[in-house]
Amino acid sequence: MTDLVLEPNIDRPDDLYADLLEAHEGLDEAASAALNARLILVLANHVGDRELFRAALAAARNAGS
Amino acid sequence: MTRIFETPLYPYARSRDQDAQATIRHPVIVAGAGPVGLAAAIDLAQQGVPVVVLDENDRVSHGSRAICFSKRTLEIADRLGFGEQLVQKGVRWNLGKVFFGDRKVYEFNLLPEEGHRRPAFINLQQYHLEHDMVSRLRQLQAAGAPIDLRGRNRVTAVVPHPDHVVLTIETPEGPYALEADWLIACDGAGSPVREMLGMGFTGRVFEDNFLIADVTMQADFPTERWFWFDPPFNPGQSALLHKQPDGIWRIDLQLGQSIDRTRETEPERVKARLRQMLGPEVDFELEWVSIYSFQCRRMERFREGRVIFAGDAAHQVSPFGARGANSGLQDTDNLCWKIKLVLDGTAPETLLDSYTAERIQAADENILNSTRSTDFIAPKSANSRMFRDAVLDLSAAYPFARPLVNSGRLSLPCTHDDSPINGPDGLADGPSRTRPGSACPDAPLASGDYLLDQLGNGFTLMGLATDAPGISGLRVVDPGGRITPELRARYLGDASSALYLIRPDQHVAARWSTADGATVEATLARVKAGG
């Protein structure tokens with residue numbers, strides 16, 4: 001398995017962040033949450049590897065606590 | 001017209017046992033004449049074990065019960081001598097459609113693997129199955145098999161002893177007692193035997209209610225499985241349409257929690273719902289309506305001394321994935337040859353511990369799968385629903401999301417990887433699907449026959465590009481000359497030769513690239529000893 005990348009890996013991070021906000025613009029809370037859910041699933045499929053996905057889940061969970 | 005579920009197939013008849021001076025002892029008594037109990041009885045009788053089946057009723061079950069029978073069940077039915085009838089009568093389908101809201105999101109073709117005698121599954125009313133099983137039982141009886149099916153014999157007390165069980169049985173002519181060396185309890189989800197022994201049955205109860213309607217329909221609906229998530233005619237819930245033989249369709253409507261059961265089963269209300277679903281131009285008649293909810297749970301162990309539990313009595317699942325009746329028939333498939341060896345005195349009782357180990361593994365697998373299907377079909381939280389809906393929306397646009405859609409996962413036989421009675425896997429390059437603990441996949445042979453039809457009811461050796469050593473009491477299957485591509489792919493893989501030791505229930509006990517008689521005999525002895 002490839003290790004989960006937790007070092008900076010995004011070229012031009014401000015642009016990517018702006019893309020994310022723009023995608024949610026004008027959406028109400030439910031539509032926004034639904035978009036996020038679809039986005040997670042699209043990215044999860046791209047990752048494919050279950051262990052890598054679980055590492056990402058753990059990383060997300062850790063940062064929030 | 002009198003229908004098969006209205007006719008007493010095994011009406012009460014006085015047994016000599018009821019007039020005996022001393023209580024009669026039978027080697028095996030089966031409680032319950034549903035599919036699981038009948039399978040146990042047929043299996044044992046076929047092997048020459050005398051068996052008495054007791055049921056409080058005297059006819060096949062009516063109403064909406066199991067309808068989907070998997071390939072493994074059909075293969076077991078073939079071994080028990082009633083597979084062909086099921087397949088002749090059953091409905092086959094390969095095309096499924098999935099709807100979300102008011103649109104079809106995708107359709108799929110099951111594209112079953114070629115080279116199997118039996119289809120991936122068939123749809124068939126449970127009463128047809130039971131009817132064919134009773135016919136098979138009668139056929140065995142006529143041929144002299146020691147099998148006795150007693151209608152309107154209700155078990156009212158069970159007293160376990162170290163080496164037998166005493167039963168009290170209520171009949172229309174009063175009670176009598178029987179003894180059994182072994183009692184197999186196949187008496188359903190509410191198992192009176194389980195209750196009488198005070199054995200626990202824990203798990204998860206689901207709150208959702210489902211309406212089942214079996215309808216006869218003149219409509220020219222295609223033979224497909226249609227599943228709706230959140231359809232306009234049943235907002236926020238799910239619906240399933242499935243074809244059965246005789247022009248009958250199974251319709252399954254999720255109703256949600258806290259409903260008024262009496263009101264929901266009123267024929268006019270049900271018909272109004274169905275008209276919304278099927279369209280106003282479709283004529284249909286209700287054959288059966290009922291409401292069910294379900295549990296996913298199992299007993300802690302499936303054997304208590306001389307009492308053994310099988311089928312719904314031992315474990316229950318949600319209906320999604322057709323894992324109820326199918327797993328019950330796999331229980332008795334697993335159990336009966338072990339009981340036979342123990343009764344013959346050629347195996348110790350501990351062999352039966354492997355029944356508990358293997359079938360608990362299977363029950364857990366079935367519970368896991370059917371619970372996951374339930375979580376997808378009837379999401380329990382807003383968040384769970386959000387991900388479910390996201391999957392469905394994505395499935396309309398992209399193939400990647402379709403495998404995530406879970407409206408029931410097809411029942412496949414469990415591979416008993418850690419079974420105490422698995423022998424060695426001495427075939428490093430062999431296919432994973434035929435490692436020890438696996439149910440043998442079927443394959444066509446050069447002769448035009450199918451492999452599973454050659455396996456019989458006992459232990460079998462099969463040599464591929466190697467000679468099977470001759471061992472007394474062990475049948476040898478000779479695939480005959482050329483090894484077909486399917487047989488090669490499923491049993492040899494990259495290996496140049498293979499020798500398989502196959503259990504009476506058509507599971508792989510051990511395999512080697514080649515082995516001598518002493519090695520095989522030692523393995524066989526270990527399997528029979530319970531590992």
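Residues numbered from 1 in each chain as written. Chains lettered and ligands numbered in written order. Predicted model: local features only at pLDDT ≥ 70, side-chain atom pairs only at ≥ 80, totals over all residues. Heavy atoms only, no water.

Draft legend 1. Here's a closer look at the overall build of chain A. From N to C terminus, chain A includes 3 helices and 0 strands. Taking 2.2 N^0.38 as the reference for a compact globule, 65 residues should give roughly 11 Å; the C-alpha atoms of chain A span a radius of gyration of 14 Å, well beyond that estimate. Reported as C-alpha extents along the three principal axes, the dimensions of chain A are approximately 40 × 25 × 25 Å. Taking all 65 residues of chain A together, 9% fall into the buried category. Of the roughly 5,500 Å² of accessible surface on chain A, a fraction of 55% belongs to carbon and sulfur atoms. (Helix = DSSP H or I, 4+ residues; strand = E, 2+ residues; numbered from the N terminus. Rg over C-alpha atoms; globule rule 2.2 N^0.38 Å. Buried < 20%, exposed > 50% of the residue type's maximum accessible area, 1.4 Å probe, protein only. Areas by Shrake-Rupley, 256 points an atom, 1.4 Å probe, with all protein chains shown as cover.)

Draft legend 2. Main features of the overall build of chain B. From N to C terminus, chain B includes 12 helices and 25 strands. Since a compact globule built from 531 residues should have a radius of gyration of about 24 Å, the 24 Å found for chain B is in line with a globular shape. Seen along its three principal axes, the alpha-carbon backbone of chain B occupies a region of about 70 × 65 × 45 Å. Long-range pairs, those at least 24 residues apart, make up 71% of the contacts in chain B with a sequence separation of at least 6. (Contact = heavy atoms within 4.5 Å.)

Draft legend 3. Inspection of the domain arrangement of chain B at higher detail. Residue and element names in this part refer to chain B. Domains assigned within chain B are domain 1 (4-90 + 123-203 + 296-366) and domain 2 (425-528). Computed from C-alpha coordinates alone, the two centres of domain 1 and domain 2 are separated by 30 Å. Between domain 1 and domain 2, the residue contacts involve 15 residues of the former and 13 residues of the latter. Mapped onto the side of domain 1 that touches domain 2, the elements with two or more residues apiece are helix H2 (71-80) and helix H8 (325-344). Here the side of domain 1 that touches domain 2 gets 5 residues from one element, more than from any other, and that element is H8. Among the residues making up the side of domain 1 that touches domain 2, the classes are represented as 5 nonpolar, 4 polar and 6 charged. (Domains from an automatic or database assignment. Nonpolar A, V, L, I, M, F, W, Y, C, P; charged D, E, K, R; others polar.)

Draft legend 4. Molecular detail of the sheet that holds strand S24 (residues 498-502) of chain B. All names here are of chain B. The strand order across the open sheet built from 5 strands is S21-S25-S24-S22-S23, with neighbouring strands paired in mixed fashion. Edge positions in the open sheet fall to strand S21 (425-426) and strand S23 (475-477), since each of these has one partner strand only. Strands strand S22 (460-464), S24 and strand S25 (508-512) of the sheet are contacted by helix H12 (residues 517-528), whose axis makes an angle of about 160° with S25. (Pairing = 2+ DSSP bridges. Axes fitted to C-alpha atoms, helices over the stretch in contact; angles between N-to-C directions.)

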